Structures are given as C-alpha cells and as structure tokens.
Amino acid sequence: MLKAEAPRTIFRQVVDTLGAAVLRGDYGDGPLPVEAELAGSLGVGRNLLREAIKVLASKGLVAVGPKIGTRALPRSQWNMLDPDVLLWLSETDGAMEHSFDLVEFRLIVEPRAAHLAALRATEAERQHITASYQAYEECLTRPELVVDRDLVFHQAIHTASHNALLASIGWRLGTMMRRQVLTTTDYPGAFERGLPLHKELADAIAARDAPWAEDVAFRLVVMPYEDLAGRLDVPMSERLGGEDGRMRRSAPRRADAKARLSHAHST
C-alpha cells in the first residue's frame, strides 16, 4: 500500500514504483497484473493507474492494447536516454553494469564533443569551461562537491559543441553519470588522478586546439572505462581496446601546448 500524500506525489510514486518494477524485470516481458489487482496493490484508483501506465508507455517500458492488456516491453525498446529511466536504472541491482554501458557510450561520444567545443565554443563558453574546471579543482578540499561540479564541467563542453543532440545528451546523462562518477571515484587518489586531465581538457578548448581536446577527452574517459571493465571482469576481447585491452589513440603533439594556449589568450 502506498503512503497517502498529496495527489501529485501519489501519482509520482505510482510512476516510480511501476517503472522501477519493469526495469527490475518483475514482470519479465509479459503482462502486468490486471488493472483492478494492480490498482489495489498500490492503493490507488484505476484512473490514476491508467495515467501512470500512459507515462510508462511513453518511455517505451510497456505496451497497452485491447487484446494484450498492459505488457512489459523488452529492454531494447526502452528509452534509455529518458531521465526517469536513467534514474530507475541507477537504483537497480545492476547499477554497475549500467554505469559501464554509460561510460562506454561516453568514450564513443565525448571525445568528438570536445573536438567540436574546441572549434565552435564562444569566448564566453570557453571562459565558462575554464571556470567550471577551477570550481572542480576546489573539490580537493571539498570532496562532497565532486559529482555536481564534474557534471557541470562535462555538460558545459557538450553545450559548447553547438550540436543540439550532443547538448541534449549531455544534460540527459547527468542522472546516470552521477552514479557512475560516485562509483569510479570511491577509492583514495581517484579524484587527484583525474584532475590534471580535466585541466588539460579545459586548456585545450581554451586554445581552440580540436585534436588536442579530442585526445584529452578520450584519455579522461578511458580511466573510468578501464576501472569499471576491470571490476566487472569484462573480457579483453569484448572491450573497445580489442584483444590486448589497450586503448589506442594517436596523440597529437603537445610539446608547444603552453605556447598555443598563450597565443589563444592574446588573440
């Protein structure tokens, strides 16, 4: 029985409860209980339940029809970029696997987003990225802010790509990234290890050096990717690096990085 609260809160509870149940696999790829039974178990009216089911259907979690009733849909049909779906996934027993899927996706997407940000960012956006890094650096003494400030930094880069899809993805991934960042920075020295790469990425974008920015973004996301792959015992042959497990990328020459950065600030 759901706790009695304000009508909107009760509706939200029903959506969250049913959404999480579908993602956990409580119903498999089969039918949910009949409407009267389900409404009774949740302690809500049938009209409210129907509205909640419509929300789940809009997210690709269930299908509704006169001959099939309400059926849970397979994972392949879920809207994996929906904020609610990402939140529910982050709270399931398979959260580690979902975090790995996310960081693998980030490894494919973020280097190119950084490349575009270096090419397209306005001066105000470059300054915002630099300021976001500086705020992130303050987490050396305020570790409780690591997750929030890391998300701001990465979302600023997605926005500065001036690609509408990348910008939208950057914001939508925030919920799942929160869990992933918490997971991959939960050991001593993890934050300090990644901090120099965050600075280098901000510098590369400030210098308008797209190849450098792409390379740094790649190296930055490789760290949590390899961490999670190791924890989950993902076979080397199934990792993005291939059989030998090494993530290959031809790094651009950065010997004159400081000179390029100084030139960028002077123009």
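Relevant structure appears above.
Overview of the structure. None of the values given here were measured: they were computed from a predicted structure.

### What about the overall build of the protein chain?
Link 1 in the chain: Summing up its helical and strand segments, the protein chain has twelve helices and two strands in all.
Link 2 in the chain: Its helices and strands in sequence order give the protein chain the pattern α-α-α-β-β-α-α-α-α-α-α-α-α-α, from N to C terminus.
Link 3 in the chain: Taken across its 267 residues, the protein chain has 48% of its residues classed as buried.
Link 4 in the chain: Contacts spanning at least 24 positions in sequence make up 69% of the contacts within the protein chain whose residues lie at least 6 apart.
Link 5 in the chain: For the protein chain, the computed accessible surface area is about 13,800 Å², with 55% contributed by carbon and sulfur atoms.

### Section: the nonpolar core
Link 1 in the chain: Grouped together as the largest cluster of nonpolar side chains are 37 residues, with contacts concentrated most on Ile 129, Phe 153, Ile 157, Leu 201, Ile 205 and Ala 213.
Link 2 in the chain: The set of elements that each furnish at least two residues to this core consists of α5 (95-120), α6 (123-137), α7 (146-160), α9 (174-184), α10 (190-206) and α11 (210-231).
Link 3 in the chain: Contacts of Phe 153, omitting those with residues within four sequence positions, involve Ile 129, Ser 132, Tyr 133, His 198, Leu 201 and Ala 202.
Link 4 in the chain: Of all hydrophobic cores here, the second largest spans 24 residues; its members include Val 14, Leu 42, Ala 52 and Val 85.

### Section: helix α4 (residues 83-90)
Link 1 in the chain: Taken across its eight residues, α4 has six buried, putting it largely inside the fold.
Link 2 in the chain: Every buried residue of α4 is listed here: Asp 84, Val 85, Leu 86, Trp 88, Leu 89 and Ser 90.
Link 3 in the chain: The N-capping residue of α4, defined by a side-chain oxygen 2.9 Å from the backbone nitrogen of Asp 84, is Asp 82.

### Examining the environment of Ala 210
Link 1 in the chain: On the secondary structure map, Ala 210 appears in helix α11.
Link 2 in the chain: Here Ala 210 falls in the buried class, since its relative accessible area comes to 4%.
Link 3 in the chain: Each C-alpha atom, one on Ala 210 and one on Arg 112, is 8.9 Å from the other, the two residues being 98 residues apart in sequence.
Link 4 in the chain: Those residues in contact with Ala 210, other than ones at most four positions away along the chain, are His 115, Ala 118 and Leu 119.

Definitions and limits used
Residues numbered from 1 in each chain as written. Predicted model: local features only at pLDDT ≥ 70, side-chain atom pairs only at ≥ 80, totals over all residues. Heavy atoms only, no water. Helix = DSSP H or I, 4+ residues; strand = E, 2+ residues; numbered from the N terminus. Buried < 20%, exposed > 50% of the residue type's maximum accessible area, 1.4 Å probe, protein only. Contact = heavy atoms within 4.5 Å. Areas by Shrake-Rupley, 256 points an atom, 1.4 Å probe, with all protein chains shown as cover. Core = buried A, V, L, I, M, F, W, Y, C linked by side-chain atoms within 4.5 Å. Polar contact = N/O pair within 3.5 Å; in protein donor to acceptor, adjacent residues only side chain to side chain.

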